[in-house]
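# Fold and geometry: a report
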Amino acid sequence: MASVFLYHVVGDLTVGKPELVEFAETETVEAAIRAIGESSEGGIPVWNKRSQKSVIENAEMRQQRFVGILNSLDIVAFLAREECVADQAKAIKTPVSEVVIHNNSALKAVDPGTRLIDALEMMKQGVKRLLIPKSIVWRGMSKRFSVLYNGKWLKNIDTSSGNNTNPIANTNLPSSSSSTDIIQDKFCCLSREDVLRFIIGCLGALAPLPLSSIASLGIINPNYCSIEASFPAIDATKNRPHDPCAVAVVEPTSDGQYNIIGEISASKLWKCDYLAASWALANLSAGQFVMGVEDNLTSRSLPDIALNQMVGESNLGNGGIPARQKKFSSRSIGFFSNAANSSFGVGRSMYRGRSAPLTCKVTSSLAAVMAQILSHRATHVWVTEAENDDILVGVVGYADILAAVTRQPVPAVSESQPS
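First, a word on what this report is: a plain description of the structure on this page. (Residues numbered from 1 in each chain as written. Predicted model: local features only at pLDDT ≥ 70, side-chain atom pairs only at ≥ 80, totals over all residues. Heavy atoms only, no water.)

### Section: the packing of helix 4 (residues 72-79) against helix 12 (residues 274-283)
In plain terms, the rule: Orientation is described by lines fitted to C-alpha atoms, with helices fitted over the stretch in contact, and by angles between N-to-C directions that extend from 0 to 180 degrees. In DSSP terms, a helix is any run of H or I states spanning at least four residues, a strand is any run of E spanning at least two, and both are numbered starting from the N terminus. Reported orientations rely on four angle classes, namely roughly parallel under 35 degrees, roughly antiparallel over 145, roughly perpendicular from 65 to 115, and oblique for the rest. Left-handed describes a crossing whose near helix is turned anticlockwise from the far helix by less than a right angle; the clockwise case is right-handed. In what follows, a contact means two residues having at least one pair of non-hydrogen atoms within 4.5 Å. Three categories are distinguished: nonpolar for Ala, Val, Leu, Ile, Met, Phe, Trp, Tyr, Cys and Pro, charged for Asp, Glu, Lys and Arg, and polar for the others, with Gly belonging to the last.
Viewed as axis vectors pointing N to C, helix 4 and helix 12 meet at an angle of 60°, and their least axial separation amounts to 8 Å. If you check the angle between helix 4 and helix 12, you find them oblique. The handedness of the crossing between helix 4 and helix 12 is right-handed. Taken together, the residues of helix 12 that come into contact with helix 4 (itself represented by S72, I75, V76, A77 and L79) are Y274, L275, A277, S278 and L281. Looking at the contact of helix 4 with helix 12 residue by residue, the classes come out as eight nonpolar, two polar and no charged.

Next comes the structure, spelled out in structure tokens:
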């Protein structure tokens, strides 16, 4: 395991992080769409409102009010319900408490002095956000400036006082009062993307791991969720996974394998037109949804509706950015249409725009996969065969990468054998 994870603490990664602004579960879906579009994470934490605003909350009290993380796929799946499609103007006024998936364990409150390796272990177990008190000063910036004794971190020693005759008297982990000056009732959130950005900046300390293939590291997850292109797109929301929150859209091959042609995921729908996407999810096949409906098909089979008129002045396209009235088309979702034909039996090179899934090969290096995820602001990468860019074999997400970089190295086997 790289020493960089032992010598750094989560406080090192919070420098410059903005203060947490709570989004209450009593807010509407319309407000949530705007908040997600403006967020830098692709999802927003949802909270219960404080019962007593006069009481100063600590991190544990704040975590108890946490409900779950709301993302774009949750909203599109909700708006695609039959009753919501029938009255979208009413649906977007629904409180998010009826939409968000309750999962209090997705967020964990930690002290700024928590070791980074401990934070990584939490994230490997399903924690998606770390709630960290804001600090005025982070003394020393890292535990590498502290004293390590008998496997335990000591408090930073104040040598200016001259009272350091017994530096190993306290063997507790550093408390928040000793390592930081906490701003009362102010917090920030650290995401797995933040951690991955830190890791990719420390690739030299992880060598030779980053250049190893994801296949050799054994981090390709074969238990992904998928849906065939000919199936109704709404079926993708029935048993959708939560990590990563994505469903592959595939076509079966003659030899029993599957070609990936797209995906229905929270990251793909992050800044889409939510009303158009929800209508398409409820009425189109999965292949039509991810490919973009053909221009000639649109004119024949899709209704001539002005989506913006459904909600009056509040158009919810592009993450809540107001736009002119427009009729429904494949471009309303954020995908581009093909000019070829409406069949699904075409090469993946025919697909354009947001419909193209983010893929890598089994031979791709760990560093390359991390770079893909960060550059595309994704939560995962689909993995294909080395010889065929279309045959899907698995997926690699945040948890898989964190498991790889924190894995204990296998001890070298001695060449000399005992006689």
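Right, picking up where we left off after that structure.
### Focus: the pattern of salt bridges
Formally: Every case where a carboxyl oxygen of Asp or Glu lies within 4 Å of a side-chain nitrogen of Lys or Arg is listed as a salt bridge. For every residue, the accessible area (1.4 Å probe, protein chains only) is compared with the maximum for its type, and the residue is labelled buried under 20%, exposed over 50%, or partly exposed between those bounds.
One pass over the full model with this rule turns up 14 salt bridges. Between R34 and E30 there is a salt bridge, with its nearest N and O atoms 3.3 Å apart. Linking R34 with E30, this pair stays in helix 2 (residues 29-38), spanning four residues, or about one helical turn. Accessibility expressed as a relative area gives 7% for E30, which makes it buried. Among the salt bridges present, the one from R240 reaches D74, with a minimum N-O distance of 3.0 Å. Of the two residues, R240 sits in the loop between strand 9 (226-228) and strand 10 (246-252) while D74 sits in helix 4, which places them 166 residues apart along the sequence. For the residue pair R240 and D74, the accessibility class agrees, reading buried in each case. Members of the salt-bridge network, linked through shared partners, are E22, R62 and R65.

### Here's the deal with the side chain of S364
Along the chain, S364 turns up in the loop between strand 12 (359-361) and helix 17 (366-375). You can call S364 buried: its relative accessible area is 17%. If we skip the residues at most four places from it in the chain, S364 touches S212, S213, I214 and V369.

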